[in-house]
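# Structural description and commentary
Residue-level listing of the chains:
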Amino acid sequence: MRWTSFAFASLLALAGSASAAQGEVCLATEQITPAGVMTPFSDSTVFQCKSVGQVTVPQLYSKGWKVVSVFPQSTMDPAKPGMVTVLWTMVVEKD
């Protein structure tokens, strides 16, 4: 009885680790228009992701990734003191 319980628990532990998803944060590439206005988010917005490189949302989905969240994020450019840049930021995951 003990070995059966141990074997069952071991199988459950392996099944849980095999279904772990991979996730990461991707930042959009240049988004400021010449007038200084943030470019609207669209299917053609290009994101830089660590695992897949530069991709759009449709390209991410074709590679098996899913978008979890998209939001604007402000950053400060050390080369331009006092200037704030707003970038689209996307959280993605892959099963």
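Reference entry: report on the structure contained in this document. (Residues numbered from 1 in each chain as written. Predicted model: local features only at pLDDT ≥ 70, side-chain atom pairs only at ≥ 80, totals over all residues. Heavy atoms only, no water.)

### A word on the pattern of salt bridges
Let me state the cut-off plainly: Salt bridges are defined as contacts in which a side-chain nitrogen from Lys or Arg sits within 4 Å of a carboxyl oxygen from Asp or Glu. Helix and strand labels come from DSSP, where a helix needs a run of H or I of at least four residues and a strand needs a run of E of at least two; each type is numbered from the N terminus. Under the scheme applied here, a residue whose accessible area is under 20% of the maximum for its type counts as buried, over 50% as exposed, and between as partly exposed, the area being computed with a 1.4 Å probe on protein chains only.
Applying the stated criterion across every chain, the model contains 2 salt bridges. The closest approach of N and O atoms between Glu93 and Lys66, which form a salt bridge, is 3.8 Å. A residue pair is termed long-range when its members are at least 10 positions apart, and Glu93 in strand 5 (residues 84-94) and Lys66 in strand 4 (residues 66-76) qualify at 27 residues. Lys66 sits in the partly exposed class, given a relative accessible area of 34%. Between Asp95 and Lys66 there is a salt bridge, with the nearest N and O atoms lying 3.4 Å from each other. Of the two residues, Asp95 sits in the segment after strand 5 while Lys66 sits in strand 4, which places them 29 residues apart along the sequence. On the basis of relative accessible area, Asp95 is assigned to the exposed category, the value being 68%. Via salt bridges that share partners, Lys66, Glu93 and Asp95 belong to a single interconnected network.

### Description of the pairing of strand 5
Our working rule: In this analysis, strands are considered paired if DSSP registers two or more bridges between them.
The pairing of strand 1 (residues 22-28) with strand 5 spans 6 bridges and is antiparallel. Each bridged residue has a counterpart across the sheet, and for Val25 the counterpart in strand 5 is Val91. In terms of strand pairing, strand 4 meets strand 5 through 10 bridges, oriented antiparallel. The residue bridging Lys66 from the neighbouring strand is Glu93, located in strand 5.

### Let's talk about the packing of aromatic side chains
Applicable threshold: Pairs were defined over the aromatic rings of Phe, Tyr and Trp, the Trp ring being its six-membered one, requiring ring centres within 6.5 Å. Orientation was assigned from the angle between planes: stacked under 30 degrees, edge-to-face over 60, tilted for the rest.
This structure, assessed with the given rule, holds 2 aromatic pairs. Within the aromatic cluster, the residues linked to one another by ring pairs are Phe41, Phe47 and Trp88.

Purely spatial values, then, with no claim about function.
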